[in-house]
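So the chains spell out like this:
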Amino acid sequence: MAIINKTFSSTEEVSKHLTEGEATFYHTSKTSTVVPYEILERALGAIDKDVVVGDLSVIRPEMSLDAHKNLVVRGAVTWKDAKEFCLSNGREIGTSPTEELAGVLAGLATSCTGERAFGFGTLRNQVVSCKFLDHEGKEYDLFRDKKLVELPFLNDSKELFDEYGTTYKNYSLYKNAPFPRMESETDLMIGTEGQLGVITEATLETTPAADVIYLFLMLPKWEEDDRLHLEVFEAVQNLRNKVYAVELIDENSLQVLPIEERPAVGKDLIFLEINSAYFEELYENFLSKLDMPEEDIFEIASQKCRELRMKIPRLTFEQNSRMGVTKKGTDVQVSRENFKDLLAYYRKFSELGIPYNLFGHFGDAHLHFNFMPKSEEESICQKKLEGLYEAVRTWNGSPFAEHGIGIIKQKFIHSYLEEIHFKMFKLLKSKLDPKNVLFPQGFMTMGERS
Ligand SMILES: Cc1cc2nc3c(=O)[nH]c(=O)nc-3n(C[C@H](O)[C@H](O)[C@H](O)COP(=O)(O)OP(=O)(O)OC[C@H]3O[C@@H](n4cnc5c(N)ncnc54)[C@H](O)[C@@H]3O)c2cc1C
């Protein structure tokens, strides 16, 4: 079996390729952390036929605003492009993954989220409609306001959809459940990681651009004292329409930055993106009431804040590569009630003597804990992570709330899935990809392989 690389420069070329029926893994910007791009040949190698790796990243990007001021995206548009285009038209989008060079259409495939999910909710709910190419290269439209089960080829499976939907309800408050939603037509493409079609276009809601302020709070290191962290966490829960993002960057995360670029030394940081129209109200009712000195709360310019957010995961990755270390990280989101338990669990990780850091979407109880182990420490980290996923399951939390399952997380997701989920995946694959040519090794065929 071999990998055959193909680059597509237009949607028409992708459509033509699909008519040829070759098993293909399509990618856009290759920033997924759950697809091992550096060893793709091995990762896709479990099947006994050639696999095409199809590059969609040079398809001409097109953007426009429709009559409702929704953003229409076609081709290889990145989140950075989309954000800049909207701002230049006085609008903004509600999704902002930290990696801005990732593709918007790929973002549907991974059901990507980001810091603004705190204030704006998930991308899933912002996608008004989308288009995709099916396994024979035909383009179809999907609409958020239409029920998926009412599509003609699915409407004899109502019971299956009802039962599946019931299991989804346990996770409806999370950004992403351990399995895709499957309520609206658009759900077919959201979080299914390219296993049911190639997404060619998306229409996303936008809102009028608002003036925002970025505030940083300096706190003690969470491992030593998390009381202030938890106070902030509780206080922001009812402020989602005024505070758009609440992110944590712990002291360890800051250490990848050159010392002169660190906004705080020996402390954790929580940053808040605040709609400036509410600043005074928030200061009076929330910030001034926190048990911390006023000088530990300071404003930072938006560009600087953005750079900082992007640099930390990137520099962490680079530092690990330099040292020949494989990051072992989490993408866990838990309920408000279990957030204290999650921090306590991570505290136990911090005591192992293996380098680590903690950052992420604090306000949503969704934090990335990253072990940076030497190769001889990898197996202990793996064991510890297995224990964590078990605990998250008992808390009814979501193990992979943002980065998806891809290939790397398949072994961990198994225990979260029941027969009904595999039945749904099988039905959808049989209807939309009967020859299993779309990302054949994805999670939807796990049931067939185990
Ligand atoms: C530093 C860093 C920070 C990150 N921060 C975030 C974050 O805040 N939030 C977040 O959600 N993720 C984050 N990620 C993960 C990653 O950026 C997202 O998963 C992103 O959506 C992947 O986009 P991509 O263009 O790189 O996709 P790729 O890696 O190219 O592909 C990812 C998946 O999407 C499928 N796919 C790609 N294009 C299409 C298409 N047109 N049609 C159908 N399927 C397609 C692929 O088959 C694959 O399964 C981060 C990653 C890094 C490295």
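The following refers to the structure shown.

1. Concerning the overall build of the protein
Part 1 of the argument: Regarding its fold elements, the protein presents 16 helices and 18 strands.
Part 2 of the argument: Here the C-alpha radius of gyration of the protein, 22 Å, is about what a compact globule of 450 residues would show, namely 22 Å.
Part 3 of the argument: A burial count over the protein gives 57% of its 450 residues as buried.
Part 4 of the argument: For the protein, long-range pairs separated by at least 24 residues make up 73% of all intrachain contacts whose partners lie at least 6 apart in sequence.
Part 5 of the argument: With the model as given, the accessible surface of the protein reaches about 19,400 Å², and the carbon-plus-sulfur share is 49%.

2. Comments concerning the pattern of salt bridges
Part 1 of the argument: Per the counting criterion, the structure on display carries 31 salt bridges.
Part 2 of the argument: In this structure, glutamate 139 engages arginine 74 in a salt bridge whose closest nitrogen and oxygen atoms are separated by 3.2 Å. In this pair, glutamate 139 sits in strand β8 (residues 139–143) while arginine 74 sits in strand β5 (residues 71–74), placing the two residues 65 residues apart along the sequence.
Part 3 of the argument: With relative accessibility at 37%, the residue glutamate 139 sits in the partly exposed group.
Part 4 of the argument: When its relative accessible area of 17% is taken as the criterion, arginine 74 is described as buried.
Part 5 of the argument: Between glutamate 390 and arginine 393 there is a salt bridge whose closest N-O contact spans 2.8 Å. Here arginine 393 and glutamate 390 lie together in helix α13 (residues 378–394), a separation of three residues that amounts to about one turn.

3. Let's talk about the site of the ligand
Part 1 of the argument: Not every one of the 32 residues close to the ligand is listed here, only the nearest: Tyr26, Thr28, Thr31, Tyr37 and Thr113.
Part 2 of the argument: Within the backbone of isoleucine 199, a nitrogen or oxygen atom sits 2.9 Å from a nitrogen atom of the ligand.
Part 3 of the argument: Measuring from a nitrogen atom of the ligand, one finds a side-chain N or O atom of glutamate 402 at 3.3 Å.
Part 4 of the argument: For the ligand, whose free accessible area comes to 980 Å², the fraction covered by protein is 95%.
Part 5 of the argument: Every element with two or more residues in the shell around the ligand is listed here: β2 (24–27), α4 (104–110) and β9 (198–204).

4. So, unusual backbone geometry
Part 1 of the argument: Not every positive phi belongs to a glycine, and methionine 182 is a case in point at roughly 65 degrees.
Part 2 of the argument: For methionine 182, the location among the structural elements is in the loop between α7 (158–169) and β9.

5. Focus: helix α15 (residues 419–432)
For an α-helix, the turn length of 3.6 residues means that residues three or four places apart are oriented alike.
Part 1 of the argument: When the terminal C-alpha atoms of α15 are compared, their 20 Å separation across 14 residues agrees well with the 20 Å that a helix rising 1.5 Å per residue should span.
Part 2 of the argument: What α15 keeps buried is the set Ile420, His421, Phe422, Met424, Phe425, Leu427, Leu428, Lys429 and Leu432.

6. Some details on the pairing of strand β18 (residues 366–371)
Part 1 of the argument: With six of six residues buried, β18 is to be regarded as a mostly interior element.
Part 2 of the argument: Of the two faces of β18, the one carrying His366, His368 and Asn370 and the one carrying Leu367, Phe369 and Phe371 are both buried.
Part 3 of the argument: Judged from the two bridges that link them, strand β15 (residues 328–329) and β18 form a sheet pairing that is antiparallel. Bridging from a neighbouring strand, glycine 329 pairs with asparagine 370 of β18.
Part 4 of the argument: The pairing of strand β16 (residues 332–333) with β18 spans two bridges and is antiparallel. Bridge assignment links glutamine 333 to a residue of β18, and that residue is histidine 366.
Part 5 of the argument: Note that strand β17 (residues 356–361) and β18 share six bridges and pair antiparallel. Bridge pairing in β18 places asparagine 357 opposite asparagine 370.
Part 6 of the argument: Between β17 and β18, which pair antiparallel one after the other, the connecting turn spans four residues, and alanine 365 there sits at a positive phi close to 55 degrees.

Rules used throughout
Residues numbered from 1 in each chain as written. Predicted model: local features only at pLDDT ≥ 70, side-chain atom pairs only at ≥ 80, totals over all residues. Heavy atoms only, no water. Helix = DSSP H or I, 4+ residues; strand = E, 2+ residues; numbered from the N terminus. Rg over C-alpha atoms; globule rule 2.2 N^0.38 Å. Buried < 20%, exposed > 50% of the residue type's maximum accessible area, 1.4 Å probe, protein only. Contact = heavy atoms within 4.5 Å. Areas by Shrake-Rupley, 256 points an atom, 1.4 Å probe, with all protein chains shown as cover. Salt bridge = Lys/Arg side-chain N within 4 Å of Asp/Glu carboxyl O. Near = heavy atom within 4 Å. Polar contact = N/O pair within 3.5 Å; in protein donor to acceptor, adjacent residues only side chain to side chain. Expected span 1.5 Å × (residues − 1). Pairing = 2+ DSSP bridges.

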